[in-house]
Amino acid sequence: MSICANTVLVPTVTHAGRYSTPRPRCNAEFHHMQEFVPFGGKEGEEDPTLVSDDISSLNVVTVDMLQQSNKVEHHTARYDSPQLIIRRGQEFFVSVTFNRPLSPTDKFQLEFMIGANPTVSKESMIVVPFYGSPGGSWTGRRVNKQGAMVTLGITPNPKALVGKFQSCVAILIPSGIIRTKRDPSTDLYLLFNAWCPDDEVFLNNDTDRNEYVLNDYGVLYMGNVDAVSHRMWLYGQFERGVLDACIYILDACNMPIDNRGSSIYITRQASAMINSEDDDGVIVGRWDEDYSLGTAPDLWTGSTQILLKYASTRTPVRYGQCWVFAGVFNSFLRCLGIPSRVVTNYGSAHDNDGKIKIDIIFLPNGERDKVTDSIWNYHCWNEAYMSRSDLPAGLGGWQVVDATPQETGSGYYCCGPASVKAVKEGQVSYPFDMKFVFAEVASYVVFQKRDEYGVLTPFHTDKTCVGKLVLTKSVDSDEPADITNTYKYPVAEEIRGFKTAGAKVGISNDEPTSVLGEDLESDNPELPGTTVTASILVNQVQLEQDFTLVIEFTNLGGVELKIQANLSGSVAFYTGVPSEKFKDENVDVTVSPYTTERVLVNVLAVEYMPNINFQSNLYFTLVGHTTDNQDFATVKVLTLQVPTLSIEVSEPPHLGQVTYVTVSFTNPFTFSLDDVSISCEGSGLLDFKIKQYSVIAPNDTITWVESCCPKRTGKSRLCAFLDCNKLRRVSGILDVLILP
C-alpha cells in the first residue's frame, strides 16, 4: 500500500470526463516499468535476451550513483539519506558497468520517473539518450570510459519537477527496450538549486546561500518593539526522514506532480498545509492556555520532531503558534532548496475586513470595545526568495509566505507568496494576498469614541505604531538584522505608499500603481491636530516585580490645559487580545503652556500576577480629555522578563562517543512551579527529549542529565525550553563543536 493510500485529507475528485487517466498527485507512488517492452509487439512478450546464448548481448552489471562526489558538488552532503540528493540545473554523474565494453552500435539511455503514470509531455518521465539521438530537457554526455565501465554526466532541466525519482538504464535492441530491474538504491531526490543562474530560486551570493539554504538553525525574534527577545530554533532540514516528510506534505494535499517544479505553487500550497485549519495539515494552532492534549508551543525546540511525527501518524501535531508555523515552514523551504528566512514584524496588524485600518473603539465609560481587528505585539512569517514571472519586472526576490492561519486566501488558510518590493510600493492588486500583507505592516490605527447611541467619532489616528520594526537573523551571525526599510519607506515618505494602496484606479498587471478600487484616504481622514500628547514610559521589568509607569503629558499650545485621563491595565496575549483587567486608575493633571508634566503610577506584582498568562504581556491604555474638548489616547505593551536555563556538556563531544548534556534551572520566584516540562535538542547531537517535574519549589534547583552520542562532526547547537502554567518562554542555548 502506498504512503498516500491511508490519507484522505480532501474530498477525492474523480477524473472521469475530465482526464483520460487520473492526474498523478502522489510522489510516493512509483510507476512499475516493464523490464522488456517490444517494438511493435505485445507487452509481456518474452525478452529474447533471456533465451539467447549470444554473449554479444549488452547487459547492465552495476549502476553506481557516485553519491559521495555528487553530494559534495550539489551541496547536499549533510542530508542524512541513503539515496542520492542533487539539485536541478547542475550536472551529476553516474557510473554504469556493462557485461562488456561498449561498441559503436550499442544504444542505451537513462530514464528518470516521478509519480504514477509518468509521461514525457509532463516531464514526469525523462529520457536521456547516449547514442546520438536528440533528447528532452535533460541533457547527457559520456564523460569517461574504462573497459566495460562508462561514466555519464546528466544535467537536469533547471525548471525540472522537484521530488523523488526512480531511475533505470534502458538498452535498445532491435526487438525492443530492456530496462534494469527496479533498484531503490538508484532512486534520487531532485531539489531546487539556488546555485544555478537559470533556476527561479537562484541567489547570487554564496554567503547568502549558506545562510538561507544550508544553515540548519535560526533565531526567532519575539517580545515587543521596546523589549525585543529571541529564541533559537533548530530547522533540522538535513535530519533523516525530514526530506521525505516534506515531500509527503505535498502528497497529503493532493498537489499535482506536474506542478512541483514551480516555487510559486509549492510555497503557496505549503503555506496552507503547514497549518491544519482546513486541510488536516501539519500543526494545530492554539492561542489559549490549555495544551493538555498535546505539546505546548513553547516546548518545541525545532521542526524535526514535528515533521517526523506528522509524516508517521498522518495526523496534525498539537500545538503551535506563529513562531512554530514559521519555524516549520522554514525547514520545509530550505529542505527543498528554496532560500528562506523567518521574519518578525513588531506591531503586526490583523486586518480582517480589508480596509487597511485598525479600529480601537472606546465605550462611553472609557472601556475598550471588543473588536475583531487586532495588533499583535509581534508576528512571525517567512520570506522565500524566487523570481516572479507572473508579476511585472522588478517584483521578484524576497516573497512573504505565511502559514499561520489568520485569514483565508483563495478559500484556504494560506498566505503568499507576496512580493516584498510590491508591499513597499503599495502595489496590492498583484497575487497573492498582497492587501493583507500590506495591512500587516502599514495599517493606520484609528481611535474612536462610541456614544450612547452607537455613533462612532474618530479622535486620533496613529500612522506609526503598525510595522514599527521588522527583524530577521543576520547572515552568518545571531544578531538581528533590521529589514524594516524593505517593507516601508521612512515615516515622512510612508504616506505615499499608503496613498498608492488606496488609489482608485483599474487593476492591471502592466501598471505598478494599479491597485485597489477603493479610496483608503477617505476612510482614514486627517483629524484636527491637538495641542496635547501623552506617552507611557517604563523600563524592562522582571516577572513578579513591582514597577512604576511614567506618564508624560505635553502641552504644545499656549493655553494651560486641565486633563482628565484614565489608565487601564490588562493582561494580554501576544496577539493583542486582552485577557483579565487588573488596573483602573484616574489621573488628573494641569499642564502649563509648552511644558511637560510627569505622573508616576505604581504597579504591584500582587495586582497582575494572579491573572498573568503564558506570554507575560501587560497592556496599558491611557485615554484622556482636556477642558477645551481635546481627546487623546496612547497604548503601551510591556513584556515581563523571565529567567533562563543553563546548559553544559561534560566534555568536548567526539563523533560516535558518549557524552553528557546537563540542563539546570533555579526557581527564583516566591511561588512553586507545578507540572513543569523541560525539552532539549541538538542537531546531530541529541534527539528531541522532554523531562517532567511535578514541582519546583521556590529557590530550588533541578538538574537533568541526558546521555547522547554525536552523529556528525562540526558545529551544533543545543536548545532547551521550560514550560508550565505559571512560567513560559524560559530558554537556554549552548553552541558546541563536535570533534572527529
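Because the structure is a prediction, the values reported are computed rather than measured.

A. How the structure looks around the sheet that holds strand β34 (residues 673–682). An order of β35-β34-β37-β38 is seen for the four strands of this open sheet, with the pairing classed as antiparallel. Each edge of the open sheet carries a strand with a single partner, namely β35 (686–696) and β38 (727–738). Across the sheet, the mean angle separating the axes of adjacent strands is 15 degrees when strand polarity is ignored. The pairing of β34 with strand β37 (residues 714–724) spans six bridges and is antiparallel. Of the residues in β37, the one forming a bridge with S677 is D723.

B. Representation of the sheet that holds strand β32 (residues 646–649) in the model. In space, the three strands of this open sheet follow the order β32-β33-β36, with antiparallel pairing throughout. What marks the edges here is a single partner per strand, and that holds for β32 and β36 (701–708). Each strand of the sheet is rotated relative to its neighbour by a mean of 20 degrees, with strand direction disregarded. Two elements, strand β33 (residues 659–666) and β36, share eight bridges in a ladder whose sense is antiparallel.

C. The environment of C680, seen in detail. On the secondary structure map, C680 appears in strand β34. On the basis of relative accessibility, which here comes to 1%, the residue C680 falls in the buried class. As a C-alpha pair, C680 and E706 span 26 residues in sequence and 9.3 Å in three-dimensional space. Those residues in contact with C680 that lie beyond four places of it in its chain are T301, V661, V663, L686, D687, F688, K689, W704, L718, C719 and A720.

D. Expanded view of the pairing of β33. Judged by which residues are buried, β33 turns out to be one-sided: T659, V661, V663 and F665 face inward and are buried, whereas Y660, T662, S664 and T666, on the alternate face, are not. Judged from the four bridges that link them, β32 and β33 form a sheet pairing that is antiparallel. The residue bridging E648 from the neighbouring strand is T662, located in β33.

E. Looking closely at the side chain of T634. Mapped onto the elements of the fold, T634 is located in strand β31 (residues 631–639). Those residues in contact with T634 that lie beyond four places of it in its chain are A534, S535, I536, F620, T621 and L622.

F. Examining the confidence of the model for the chain more closely. On average, residues of the chain score 89 in pLDDT, and 89% of them reach the 70 mark or higher. For residues 1–11, every residue scores under 50 in pLDDT, and the model assigns this stretch 17 contacts once sequence neighbours within four places are set aside. Low confidence marks residues 503–525, where pLDDT is under 50. Its contacts with residues over four positions away, or in another chain, come to 53 contacts.

G. Geometry of the packing of helix α3 (residues 242–252) against helix α5 (residues 304–313). At their nearest, the axes of α3 and α5 sit 9 Å apart, and the two run at 55 degrees to each other. The orientation of α3 with respect to α5, classified from their angle, is oblique. Considering the relative orientation of α3 and α5, their crossing is left-handed. Counting all contacts with α3, which are made through V242, A245, C246, Y248, I249 and A252, the residues of α5 involved are T304, L307, L308, Y310 and A311. Partitioned by chemical class, the residues of the contact of α3 with α5 number ten nonpolar, one polar and no charged.

H. Up close: helix α6 (residues 322–335). The first and last C-alpha atoms of α6 sit 20 Å apart over 14 residues, in line with the 20 Å expected at 1.5 Å per residue. Among the 14 residues of α6, 14 are classified as buried, and the element is accordingly described as predominantly covered. Trailing α6 by a residue or two, G337 shows a phi angle of about 95 degrees, which is positive.

I. A look at the state of the cysteines. All told, the structure shown has zero disulfides when counted by the stated rule. Its sulfur unpaired, C708 is 7.7 Å from the next cysteine sulfur, which belongs to C709. Residue C708 is classed as buried on the basis of its relative accessible area of 8%.

J. Main features of the side chain of S271. Within the fold, S271 resides in helix α4 (residues 263–273). Looking at S271, its side chain comes within polar contact range of the main-chain oxygen of R268, at 2.8 Å. When near neighbours in sequence (up to four residues on either side) are disregarded, S271 contacts F329, D402, A403, Y413, C414 and C415.

K. Structural context of the pattern of salt bridges. Applying the stated criterion to the full structure yields 32 salt bridges. The partner of D298 in a salt bridge is R231, and the shortest N-O contact between them spans 3.4 Å. Highlighted residues: D298 in the loop between β14 (283–285) and α5 and R231 in strand β13 (residues 227–234), separated in sequence by 67 residues. For D298, a relative accessible area of 1% translates into the label buried. Looking at R231, the relative accessible area reads 4%, which means it is buried. K357 is paired through a salt bridge with D359; the nearest N and O atoms lie 3.6 Å apart. On the basis of relative accessible area, K357 is assigned to the buried category, the value being 8%. Judged by its relative accessible area of 13%, D359 is buried. A network of salt bridges, in which partner residues are shared, links R78, D216, E239, D687, K711 and R712.

L. Summary view of the nonpolar core. Of all hydrophobic cores here, the largest spans 97 residues; its most connected members are W323, F332 and Y487. Excluding anything up to four places from it in sequence, F332 contacts C246, I249, L250, I266 and A270.

M. Unusual backbone geometry, seen in detail. Cis rather than trans, the peptide bond between G416 and P417 has omega equal to 5 degrees. Within the element layout of this structure, P417 appears in the loop between β19 (397–401) and β20 (418–419). A positive phi is found at N254, a non-glycine position, where the angle reads about 60 degrees. Tracing the chain through its elements places N254 in the loop between α3 and α4. Relative accessible area serves as the criterion here: at 29%, N254 is assigned to the partly exposed category. Not every positive phi belongs to a glycine, and N629 is a case in point at roughly 65 degrees. Mapped onto the elements of the fold, N629 is located in the loop between β30 (617–626) and β31.

So, how was this worked out
Residues numbered from 1 in each chain as written. Predicted model: local features only at pLDDT ≥ 70, side-chain atom pairs only at ≥ 80, totals over all residues. Heavy atoms only, no water. Pairing = 2+ DSSP bridges. Helix = DSSP H or I, 4+ residues; strand = E, 2+ residues; numbered from the N terminus. Axes fitted to C-alpha atoms, helices over the stretch in contact; angles between N-to-C directions. Buried < 20%, exposed > 50% of the residue type's maximum accessible area, 1.4 Å probe, protein only. Contact = heavy atoms within 4.5 Å. pLDDT = per-residue confidence, 0-100. Parallel < 35°, antiparallel > 145°, perpendicular 65-115°, else oblique. Left-handed = near helix turned anticlockwise from the far one by under 90°. Nonpolar A, V, L, I, M, F, W, Y, C, P; charged D, E, K, R; others polar. Expected span 1.5 Å × (residues − 1). Disulfide = S-S within 2.5 Å. Polar contact = N/O pair within 3.5 Å; in protein donor to acceptor, adjacent residues only side chain to side chain. Salt bridge = Lys/Arg side-chain N within 4 Å of Asp/Glu carboxyl O. Core = buried A, V, L, I, M, F, W, Y, C linked by side-chain atoms within 4.5 Å.

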